[in-house]
Amino acid sequence: MKRKLVFILMAVLSMVAAAVVSAQQKPVTIVHWYWADNPAYSAQMQKIAADFNATNGRGITVVAQEYPWDGGAYSETLFRAVIGGGGPDTSSFKLTSTPLFTANKLLVNLDDFLAKWKDKDKIEPSLYDTMRKASGTKSVYVMPWNTQVLYVYYRPSLFRKAGVSVPKTYAEFLEACKKLTMDTNGDGKTDVYGFGMRGAKGGQEPWGSFIWARGGNFDNLTTPQAIQGMQDFIDLYKNGYAPPTAPMDGFNEIIANFKSGKTAMTVHHIGSSIGMVDTFGDDVDAFPFPGGVGQWTSMGDTENILLASSKNKEAAFEWLAYLATGKGQEAWCVATGNVPVSRDVQQLPFFQNNRFMKVSIEGAPYAGIFPILDTTTEWINTIWPNTVAAALGGKMSAADAMKQLQIGLWGK
Amino acid sequence: MHRRKFSPWPYLLIAPALITILAVVFFPVLNAIFMSFQSYDLRRPSQIRFTGLANYATAMHDPLFWQALLKTVIWVAVGVGLQFVFGFMLALLLNRKFPGRGIVRSISLIPWVTPGVLIGLMWRWIFDGNYGVLNDLLMRLGLIHDKIPFLAQQSTAFPSVILTIIWQGIPFFALMLLAGLQGIPEELYDAANVDGANAFQRFFLITVPSLKNTIFVTTLLRIIWVANSVDVIFNLTEGGPAYSTQTLSVYVFNKGNTLNLGYASTMAILLALALALVAVPYLKRLFKAQEESR
């Protein structure tokens, strides 16, 4: 009888163990949305997903689907998909969209996941604070992934031609824009413009550096200092130191202009450095946007989110962790040159020896973000480009333009 | 007296189509009307509530709304007007016999069959101020000495997008008017010749009156389509620079993208009403003309 009982007990325990193991190994599919700046990055993301699928050992299969960034329309596409009842389990994300998603309760609170995560401390604690601030709560809803600190690309050969040194101050920078605007073939027309100005959406990031350099900031865009920064921006265009197409130049245009030699300097981040080196080799370098009264550069951010609609949250978080501190972090940041959030990955020789990474790190202490409000997306996509275009075209004064931008962002 | 027996069959047979139209057209329209009376902004979901005519009052005081409306009037008047003129010219040409007419007829349809998004992207590069083909051509012809940033200047951006929509719409008028031209009896022209009518008289006294109904219908359709079109402008300029190319439909689209659906719906309703003001008298006149001709 006793033997029978032991046998039954062992059989029951075996069945329970098998059920647990079976549940753990139950295949799970996670759909992940992302954007990629070029086909090489896209291929890299697909490889990262494939590597994760092959090595996670928990039956998790990530299906990575690419959607275009399109100057920020990616966030709108994602929102529409999710609010409509569809969308992915996880997605690449920008902090500026956090208020929209949290207001509609679309994101998973990651606090519990982070508390149980063994690699949590591999990410700088201040980054978690930034994530909390973006949501306006004490919780983390957005998982850090990588950052991009904007700096100024320049062509050493054009600098030598113009007799200009790398500017260390804002005043020197404005002077460099003037001297680097050159007629190289003597036909009386400008062949090289000193500054590759970005007037289309996205251009608010380099523009912000001008505002802060004059002592302004984003809390009040109507101060005399902020207005002067805007005036400097307008003067660069009005005086012909930026291409005439600048009011409508977006990412593609400023990069094309720089790569074709039409501009001597332009502002972007390490994400484009690999392409720059492919085009110019050693004849491209970068410096941090110089300071004047103040100093600021945009900290581009890319995070990942876990959508509340996901039916496999545990598995989805495991994928996000892989991207944040696992092999996925290293693979993505090496391929794209983006600044890793993982402190371990930051120490790798690849990042320590990269000249653009050094400039990014140099700019990090004064890198920041725009105020994250529910007006920010419309301000970036519509109000900023159209207001600045009016100012550049002489239809609006710097003071009036800053007043419009202030009302558009802060509502008053 | 013979009484017609009621048959449910006509209603049953049109029911699937009617239900589809109700679901795809009428329900969204009713939803939009309902949203226009609400502060329906998905950025502030906790503040969604009924606000009556507040959105309509906002539109009346919104300078961008009035600017967009004016832009729409110019966009339609010039765009459709010139599409019609050039389309008519092309139709008259294609109505004549010449070698290769079949190929020319096919090629002339290309702008019409090209998707609007592709047209916007293609013309964006044609107009480009640094690398565009148009600047290159004008410089080689000696017509300009410096490249023109067509889409970056407020003075040239709107004419540029209008040129693009004219290019797109010419084949539609050409095709419809060509079909009409081919339906005009040759005997009318023979009789006119016998009476000594010149080309001018034949055109205005025979051709144009014979095409009256076709002209009415095609221009009404194009007015509605062009007024509502977003794809070409959005891919060229997104309504910039400085809102100079922002027609009302583009403003609605941009506002909708910011998720302020209540206000976007309001402007969409106002645009529909404006188009109805044009379409209703148009149709009344068309039906009256048809009645008179019976």
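**Considerations on the overall build of chain B**
Stage number 1. The number of helices and strands found in chain B is 14 helices and zero strands.
Stage number 2. Each helix and strand of chain B, ordered N terminal to C terminal, gives the series α-α-α-α-α-α-α-α-α-α-α-α-α-α.
Stage number 3. Seen through its principal axes, chain B has C-alpha atoms that stretch 85 × 75 × 30 Å.
Stage number 4. Per-residue burial for chain B yields a buried fraction of 33% across its 294 residues.

**Considering the interface of chain B and chain A**
Stage number 1. Residue-level contacts link 20 residues of chain B with 24 residues of chain A.
Stage number 2. The residue inventory of the side of chain B that touches chain A, partitioned by class, reads eight nonpolar, nine polar and three charged.

**A word on helix H3 (residues 73-83) of chain A**
Residues and elements named next belong to chain A.
Stage number 1. Within the span of H3, buried status applies to Tyr74, Ser75, Leu78, Phe79 and Val82. Seen from one end, H3 has its buried residues packed into an arc of 135°, which puts them on one side.
Stage number 2. Lining the buried residues of H3 we find strand E1 (28-34), strand E3 (90-93), helix H4 (98-103) and helix H18 (376-392).
Stage number 3. Two residues or fewer past H3, Gly85 is found with a positive phi of approximately 95°.

**Let's talk about helix H1 (residues 9-36) of chain B**
Stage number 1. Compared with the 40 Å implied by 1.5 Å per residue over 28 residues, the 38 Å span of H1(B) between its first and last C-alpha is a close match.
Stage number 2. In terms of residue burial, H1(B) counts as a barely covered element, since only two of its 28 residues are buried.

**Topic: unusual backbone geometry**
All names here are of chain B.
Stage number 1. Between Gly240 and Pro241 the backbone carries a cis peptide bond, its omega angle lying at -10°.
Stage number 2. Position of Pro241 among the secondary structure elements: in the loop between helix H12 (231-236) and helix H13 (248-257).
Stage number 3. In the Ramachandran plot, Glu238 falls in the positive-phi region, its phi being about 55° despite a non-glycine side chain.
Stage number 4. Topologically, Glu238 is positioned in the loop between H12 and H13.
Stage number 5. A positive phi angle, near 75°, is found at Leu259, a position not held by glycine.
Stage number 6. Mapped onto the elements, Leu259 comes out in the loop between H13 and helix H14 (261-293).
Stage number 7. Using a count of 23 C-beta atoms within 10 Å as the deciding quantity, one classes Leu259 as buried.

**Notes on the pairing of E3(A)**
All names here are of chain A.
Stage number 1. Note: E1 against E3, two bridges, orientation parallel. Counterpart to His32 in the pairing with E3 is Thr90.
Stage number 2. The pairing of E3 with strand E8 (residues 297-306) spans four bridges and is antiparallel. For Phe93, the partnering residue across the bridge sits in E8 and is Glu303.

**Let's talk about the sheet that holds strand E5 (residues 151-154) of chain A**
Residue and element names in this part refer to chain A.
Stage number 1. Strands sit in the order E6-E5-E7 across an open sheet of three strands; the sheet is antiparallel. Each edge of the sheet is formed by a strand with only one pairing partner; in this case those strands are strand E6 (265-268) and strand E7 (285-287). Along the sheet, successive strands turn relative to each other by an average axial angle of 35°, direction set aside.

**Digging into the environment of Ala200(A)**
Residue and element names in this part refer to chain A.
Stage number 1. Following the sequence through the fold, Ala200 ends up in the loop between helix H8 (170-179) and helix H9 (204-213).
Stage number 2. Between the C-alpha atoms of Ala200 and Ile60, which are 140 residues apart in sequence, the distance is 41 Å.
Stage number 3. The residues contacting Ala200, other than those within four sequence positions of it, are Met248, Asp249, Gly250 and Pro385.

**What about the confidence of the model for chain B?**
Stage number 1. Scored by pLDDT, chain B comes out at a mean of 93, with 97% of its residues at no less than 70.
Stage number 2. On the interface metric, ipTM, the complex scores 0.86, and its pTM is 0.86.

**Some thoughts on the packing of helix H2 (residues 39-55) of chain A against helix H14 (residues 327-336) of chain A**
Residue and element names in this part refer to chain A.
Stage number 1. H14 packs onto H2 with a crossing angle of 165° between their chain directions and a minimal axis gap of 10 Å. Compared by their axis directions, H2 and H14 come out roughly antiparallel. Considering only the axes of H2 and H14, their crossing is right-handed. Contact with H2, carried on its side by Tyr41, Gln44, Ile48, Asp51 and Phe52, involves Lys327, Gly328, Ala331, Trp332, Ala335 and Thr336 of H14 and no other residues of that element.
Stage number 2. Its residues placed into classes, the contact of H2 with H14 shows six nonpolar, three polar and two charged.

**Regarding the packing of helix H13 (residues 313-324) of chain A against H14(A)**
Residues and elements named next belong to chain A.
Stage number 1. One way to put it is that H13 packs onto H14 with a least axis distance of 4 Å and a crossing angle of 50°. When the axis of H13 is compared with that of H14, the two are oblique. On the side of H13, the interface is formed by Tyr322, Leu323 and Ala324, while H14 contributes Lys327, Gly328, Gln329 and Trp332.
Stage number 2. Here the residues of the contact of H13 with H14 are counted per class, giving four nonpolar, two polar and one charged.

**Thoughts on the pairing of E5(A)**
Side-chain direction in a regular strand flips from residue to residue, so the side chains alternate between the two faces of the sheet.
All names here are of chain A.
Stage number 1. Pairing of E5 with E6 involves four bridges; the strand directions are antiparallel. Across the sheet, Val152 pairs through a bridge with Val267, a residue of E6.
Stage number 2. Across three bridges, the pairing between E5 and E7 is antiparallel. Across the sheet, residue Val152 finds its bridge partner in E7, namely Phe287.

**A short note on the domain arrangement of chain A**
All names here are of chain A.
Stage number 1. One can read the domain layout of chain A as domain 1 (28-149 + 300-360) and domain 2 (151-299 + 368-410).
Stage number 2. When each unit is reduced to the centre of its C-alpha atoms, the spacing between domain 1 and domain 2 is 29 Å.
Stage number 3. Listed per partner, the contact involves 27 residues of domain 1 and 26 residues of domain 2.
Stage number 4. Those elements that provide at least two residues to the side of domain 1 that touches domain 2 are H4, strand E4 (142-149), E8 and helix H17 (355-363).
Stage number 5. Residue classes in the side of domain 1 that touches domain 2 are distributed as ten nonpolar, 14 polar and three charged.

**Considerations on the nonpolar core**
Stage number 1. Judged by nonpolar contacts, the single largest core of 120 residues is most densely connected at Met230(A) and Met267(B).
Stage number 2. Among the elements that make up this core, the one with the highest residue count is helix H8 (residues 154-181) of chain B (13 residues).
Stage number 3. Each of domain 1 (28-149 + 300-360) and domain 2 (151-299 + 368-410) of chain A gives at least three residues to this core.
Stage number 4. Excluding residues within four positions of it along the chain, Met230(A) makes contact with Ile211(A), Ala391(A), Ala398(A), Ala401(A) and Met402(A).

The rules behind the values
Residues numbered from 1 in each chain as written. Chains lettered and ligands numbered in written order. Predicted model: local features only at pLDDT ≥ 70, side-chain atom pairs only at ≥ 80, totals over all residues. Helix = DSSP H or I, 4+ residues; strand = E, 2+ residues; numbered from the N terminus. Buried ≥ 20, exposed ≤ 12 C-beta atoms within 10 Å, placed from the backbone. Contact = placed C-beta atoms within 7 Å. Nonpolar A, V, L, I, M, F, W, Y, C, P; charged D, E, K, R; others polar. Arc of directions from axis to C-beta. Expected span 1.5 Å × (residues − 1). Pairing = 2+ DSSP bridges. Axes fitted to C-alpha atoms, helices over the stretch in contact; angles between N-to-C directions. pLDDT = per-residue confidence, 0-100. Parallel < 35°, antiparallel > 145°, perpendicular 65-115°, else oblique. Left-handed = near helix turned anticlockwise from the far one by under 90°. Domains from an automatic or database assignment. Core = buried A, V, L, I, M, F, W, Y, C linked by C-beta atoms within 7 Å.

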